[in-house]
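Understanding the architecture of this molecule
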Amino acid sequence: MEINIRKSGDTNVIGLSGSLDIYTSIDLKNFFEQNIDRNNNNVVINLEKLNYIDSSGIGMLIKQLNYVQELNGKFFIANMKAAIEKVFKVAGLTSYFQTLSEAEFTSQFP
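So, here's what we can say about the structure. (Residues numbered from 1 in each chain as written. Predicted model: local features only at pLDDT ≥ 70, side-chain atom pairs only at ≥ 80, totals over all residues. Heavy atoms only, no water.)

**Observations regarding the overall build of the chain**
- In terms of regular secondary structure, the chain is built from four helices and five strands.
- Listing every helix and strand of the chain by position from the N terminus yields β-β-α-β-α-β-α-β-α.
- Against the compact-globule benchmark of 13 Å for 110 residues, the chain has a radius of gyration of 13 Å, which places it among compact chains.
- For the chain, the C-alpha atoms occupy an extent of roughly 35 × 30 × 25 Å along the three principal directions.
- Here the chain contributes 10 positively and 12 negatively charged side chains, and the mean placements of these two sets differ by 2 Å. (Helix = DSSP H or I, 4+ residues; strand = E, 2+ residues; numbered from the N terminus. Rg over C-alpha atoms; globule rule 2.2 N^0.38 Å. Lys, Arg positive; Asp, Glu negative; His and termini not counted. Charge placed at Lys NZ, Arg CZ, Asp CG, Glu CD.)

**Things to note about the environment of Y96**
- Among the secondary structure elements, Y96 is positioned in the loop between α3 (82-90) and β5 (98-100).
- Assessed through its relative accessible area of 39%, Y96 is described here as partly exposed.
- Separated by 69 residues in the primary sequence, Y96 and D27 place their C-alpha atoms 23 Å from one another.
- Setting aside its immediate chain neighbours within four residues, Y96 contacts I62, L65 and N66.
- A polar contact of 3.3 Å, which involves the side chain of Y96, links it to the side chain of N66. (Buried < 20%, exposed > 50% of the residue type's maximum accessible area, 1.4 Å probe, protein only. Contact = heavy atoms within 4.5 Å. Polar contact = N/O pair within 3.5 Å; in protein donor to acceptor, adjacent residues only side chain to side chain.)

**Focus: the sheet that holds strand β1 (residues 2-8)**
- Across the sheet, which stays open at both edges, the five strands sit in the order β1-β2-β3-β4-β5 with mixed pairing between neighbours. At either margin of the open sheet sits one strand with a lone partner, and together these are β1 and β5. Geometrically, the sheet is characterised by an average inter-axis angle of 25 degrees between neighbouring strands, direction not taken into account. (Pairing = 2+ DSSP bridges. Axes fitted to C-alpha atoms, helices over the stretch in contact; angles between N-to-C directions.)

**Focus: the nonpolar core**
- Of all hydrophobic cores here, the largest spans 25 residues; its most connected members are F32, I45, L61, F75, I77 and F88.
- Setting aside residues up to four positions removed in sequence, I77 forms contacts with I45, L47, L61, F88, F97, Q98, T99 and L100.
- Counting residues in hydrophobic clusters, the runner-up holds seven residues, among them F76, A78, L100 and F109. (Core = buried A, V, L, I, M, F, W, Y, C linked by side-chain atoms within 4.5 Å.)

**Here's the deal with the environment of S101**
- As for its placement among the helices and strands, S101 is situated in the loop between β5 and α4 (102-108).
- Separated by 75 residues in the primary sequence, S101 and I26 place their C-alpha atoms 27 Å from one another.

**Observations regarding the environment of L71**
- Secondary-structure assignment places L71 in the loop between α2 (55-70) and β4 (75-78).
- Residues contacting L71, with those up to four places away along its chain left out, are I36, D37, R38 and N41.

**Looking at the packing of helix α1 (residues 25-35) against α2**
- Packing of α1 against α2 leaves a shortest axis separation of 9 Å and a crossing angle of 15 degrees. By the angle between their axes, α1 is roughly parallel relative to α2. With respect to the hand of their crossing, α1 and α2 are arranged in right-handed fashion. Between α1 and α2, the residues in contact are S25, L28, K29, F32 and E33 and S56, G57, M60, L61, Q64, Y67 and V68, respectively.
- Here the contact of α1 with α2 is built from residues that sort into six nonpolar, four polar and two charged. (Parallel < 35°, antiparallel > 145°, perpendicular 65-115°, else oblique. Left-handed = near helix turned anticlockwise from the far one by under 90°. Nonpolar A, V, L, I, M, F, W, Y, C, P; charged D, E, K, R; others polar.)

What follows is the structure, encoded as structure tokens:
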């Protein structure tokens, strides 16, 4: 998995590519610990290039959502592919996460 970050206003736009699974989820945790803090706490996770996610990856996204909320930040997920969105729906998480469509994402975070 590759992780990249860019700033858009007061928001960290974090792009994930490849697979977020049992083998790579700890990398996301470490990335958040190094890059997201109380002064830098709004996050959009761009899943446009994510090809696969398993339960460990979903669990790690939940942990990072909770981490950002503890820092009083906002957390969004954007650009879910249909297959990944299906995993979120089956797990009952579409209402748990705030999501952005591709149009919303590109208009708010150019």
